[in-house]
Amino acid sequence: MSTTIRRGALVRGAAGTLLTLTLTACGGGNAADTSASTGGLKGEPIKLGSILTITNPAWDNGSVKKINEAWASHINEDLGGVKGRPVVVETCDDHGDPAKTSQCLNNLIDSGVVALVNNSSLSFGANALPAMEKAGMANIGGWPVTASEYTSPYNFPATPGAAGSYPGLAVFFAATGAKKLAVAYSNTPSGQQVGLALKKQWEALGGTGYYMTEFDASAADFTPAISKIAGEKPDAIILAVGEGPAPRMFQAVKNTGVTARVGVSSTAGTKKVFEAAGDAATGIFYAFASVPSDYDNEDAKTYRDVLAKYAPDLDLTGQTAVAASSMQYAYDVLSSVQGDITKESVLAALREGKPWKGFLTHGTDPANAPADMPQVRNPYTLMLEYKDGKFVPAMIQDPGHLARYIDIQGDLAWIAGNPPKS
């Protein structure tokens, strides 16, 4: 079992078992610019770059851009910068277009950035990552999308992204007694891969039954798909569903009277989903990459204070929490560099393999990353259950033979969906 502890000890009150989490869909954003406060620091700015897909009908990371700016202001105004120098983040909107992604990277390299931070792009992994590697530049944190981002020796994510969410749910259900798992996935090549990968994992976890079925995300009613699952009498169900179809999927679960526990990733955990689904969202389990924004610990308080001061119009979401974690990761790495801060020295500091305490997220453990995702130094997601408008910790009383996947911290169960090396 991992013994990594995050920054900030867990603080609990007598009535502190319920957690609330304000979640919304992603906000809007603009193309590349820098607008963080330098805090009056006179030194030469330390430049970081961030490639985000903002202007795109399928994905909008505008809120991550706002976090880049807010956290840079926090670093400069409240922490005194890095060695007396201000930190600035130049954000580039690639529109999810491969050509624009490559142009964003070239422009950022030409501007003199020493590293990338918080990358969250639909086309970065396939189109810009090889050029970033060739330039000898590191990416710190962000939200991995493609397989190459999990294995690149130049990429250092602070969370396992979507690749850790569904496997983490499978481990949670197996560790809490489920024997038969059902999975519903979208009728796309990537959706089918989710179903096949979970089948292989479920067998490795000791599950004795598995059923998978696809659904059309544009369907007006998911009752037929859920009815097929109900007929298999599973102990647990994983819905590989995003924000758009999630409310209809939850309502179908309720209408068919399914009694099995149901799990989804954090992409379906937004205010928009909860409002549309109503009480059908109650009892759903979620895999999150970070603690809730109003959790009672030091990290969450810092996060709330920074956003209240520098981005008061920004909703606190799972996405913005991961973005803040990535910016804090970048600050800690930059501060650890001895001598000149260059792209070479930043990459060298990351490759030293020192654990990071984490911020809102689980701490990193480079020596114990999953064998098939070596750059994911933090393979853990957090399990929460949504009940009556609030989240409660989804606890595991006895992990048994799955203990190596699970790190219990106070009343929080962090789960590595992809097994660590040891």
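Everything here concerns the structure above.
Keep in mind that what you see is a predicted model, and the values were worked out from it rather than measured.

Trainee: How would you explain the sheet that holds strand β3 (residues 115-117) if you had to name every residue and give the values?
Mentor: Sheet strands line up and pair through hydrogen bonds in the backbone, either parallel or antiparallel. Strand order in the open sheet made by the 5 strands is β2-β1-β3-β4-β5, with parallel pairing throughout. Looking at the sheet topology across the chains shown, the edges are occupied by β2 (87-93) and β5 (155-156). Inspection of the sheet shows strand β1 (residues 46-52) paired to β2 by 7 bridges, in the parallel sense. By the bridge assignment, L48 is partnered in β2 with V89. Across the sheet, helix α1 (residues 62-78) touches β1 and β2, and the angle it forms with β2 is around 170 degrees.

Trainee: Residue-level account of the layout of surface pockets, with values.
Mentor: As a volume, the second largest pocket reaches approximately 320 Å³. Of all elements in the fold, only α12 (318-336) and α13 (343-351) reach the threshold of two or more residues within the lining of the second largest pocket.

Trainee: Talk me through the nonpolar core; I want residue IDs and the actual numbers.
Mentor: Counting 98 residues, the largest nonpolar core has L239, F250 and Y286 as its most contacted members. A per-element tally of this core places α12 first, with 9 residues. Excluding anything up to four places from it in sequence, F250 contacts L239, V264, A268, V273, A277, A280, A281, I284 and Y286. Listed in part, the 29 residues of the second largest apolar core include Y166, W202, A236 and A240.

Trainee: Give a detailed account of the pairing of strand β8 (residues 236-240), specifying residues and quantitative values.
Mentor: Along any regular strand, the residues point their side chains to alternate faces of the sheet. With 5 of 5 residues buried, β8 is to be regarded as a mostly interior element. Along β8, one buried face is formed by A236, I238 and A240 and the opposite face, lined by I237 and L239, is buried too. Of the pairings in the sheet, the one linking strand β6 (residues 180-186) to β8 comprises 5 bridges and is parallel in character. Note on β8: the bridge partner recorded for V183 is I238. In this sheet, strand β9 (residues 261-265) lies alongside β8 in parallel orientation, the contact comprising 3 bridges. When the bridges of β9 are listed, I238 appears paired with G263. As for the winding sense of the linkage, the β-α-β connection from β8 through helix α9 (residues 246-255) to β9 is right-handed.

Trainee: Would you mind going over the state of the cysteines in detail, with residue names and values included?
Mentor: If you walk through the whole model with that rule in mind, you get 1 disulfide. Each sulfur of the disulfide joining C92 and C104 lies 2.0 Å from the other. Note on the C92 and C104 pair: the S-S dihedral is about -70 degrees, so by sign convention the disulfide is left-handed. In this pair, C92 sits in strand β2 while C104 sits in helix α2 (residues 98-111), placing the two residues 12 residues apart along the sequence. In terms of burial, C92 and C104 fall into one category: buried.

Trainee: Tell me about helix α6 (residues 162-175), and please be specific about residues and values.
Mentor: The terminal C-alpha atoms of α6 lie 20 Å apart, and with 14 residues this matches the ideal 20 Å at 1.5 Å per residue to within 8%. Burial of α6 is extensive: 12 of the 14 residues sit out of reach of the surface. Following α6 by one or two positions, G177 adopts a phi angle in the positive range, close to 105 degrees.

Trainee: Give me the lowdown on α2, citing residues and values where you can.
Mentor: Since one α-helical turn is 3.6 residues long, residues separated by three or four positions face the same way. Between the first and last C-alpha of α2 there are 20 Å, a value that for 14 residues agrees with the 20 Å anticipated at 1.5 Å per step. Listed as buried for α2 are T101, C104, L105 and L108. Projection of α2 onto a plane perpendicular to its axis shows the buried side chains occupying an angular sector of 95 degrees, all on one side. Exposed residues pointing more than 90 degrees away from the buried face of α2 are listed as A99 and D110. Its side-chain oxygen 3.1 Å from the backbone nitrogen of A99, D97 forms the N-cap of α2.

Trainee: Lay out the pattern of salt bridges with the relevant residues and their values.
Mentor: Throughout the structure, instances matching the rule amount to 9 salt bridges. Residue E90 pairs with K47 through a salt bridge whose shortest N-O separation is 3.8 Å. Placement of E90 in strand β2 and of K47 in strand β1 is noted, with a sequence separation of 43 residues between them. Exposure remark for K47: the relative accessible area of 27% places this residue in the partly exposed category. Between K180 and E232 there is a salt bridge, with the nearest N and O atoms lying 3.3 Å from each other. Placement of the pair is K180 in strand β6 and E232 in the loop between α8 (223-231) and β8, with a sequence separation of 52 residues. Classification of K180 as partly exposed rests on a relative accessible area of 22%.

Trainee: Residue-level account of the environment of M383, with values.
Mentor: With respect to the helices, strands and loops of the structure, M383 is situated in strand β11 (residues 380-387). A sequence separation of 93 residues divides M383 from S290, and the C-alpha atoms of the two residues are 9.7 Å apart. Discounting residues that sit within four places of it in the chain, M383 has contacts with G168, L169, F172, Y286, A287, P393, A394, A413 and I415.

Rules of the game
- Residues numbered from 1 in each chain as written.
- Predicted model: local features only at pLDDT ≥ 70, side-chain atom pairs only at ≥ 80, totals over all residues.
- Heavy atoms only, no water.
- Pairing = 2+ DSSP bridges.
- Helix = DSSP H or I, 4+ residues; strand = E, 2+ residues; numbered from the N terminus.
- Contact = heavy atoms within 4.5 Å.
- Axes fitted to C-alpha atoms, helices over the stretch in contact; angles between N-to-C directions.
- 1 Å grid on protein atoms, 1.4 Å probe; cavity = no way out; pocket = protein on both sides within 12 Å on 5 of 7 lines; lining within 4 Å.
- Points joined across faces, edges and corners; volume = space filled by probe spheres on them.
- Core = buried A, V, L, I, M, F, W, Y, C linked by side-chain atoms within 4.5 Å.
- Buried < 20%, exposed > 50% of the residue type's maximum accessible area, 1.4 Å probe, protein only.
- Right-handed = clockwise from strand over helix to strand, strands pointing away.
- Disulfide = S-S within 2.5 Å.
- Expected span 1.5 Å × (residues − 1).
- Arc of directions from axis to C-beta.
- Polar contact = N/O pair within 3.5 Å; in protein donor to acceptor, adjacent residues only side chain to side chain.
- Salt bridge = Lys/Arg side-chain N within 4 Å of Asp/Glu carboxyl O.

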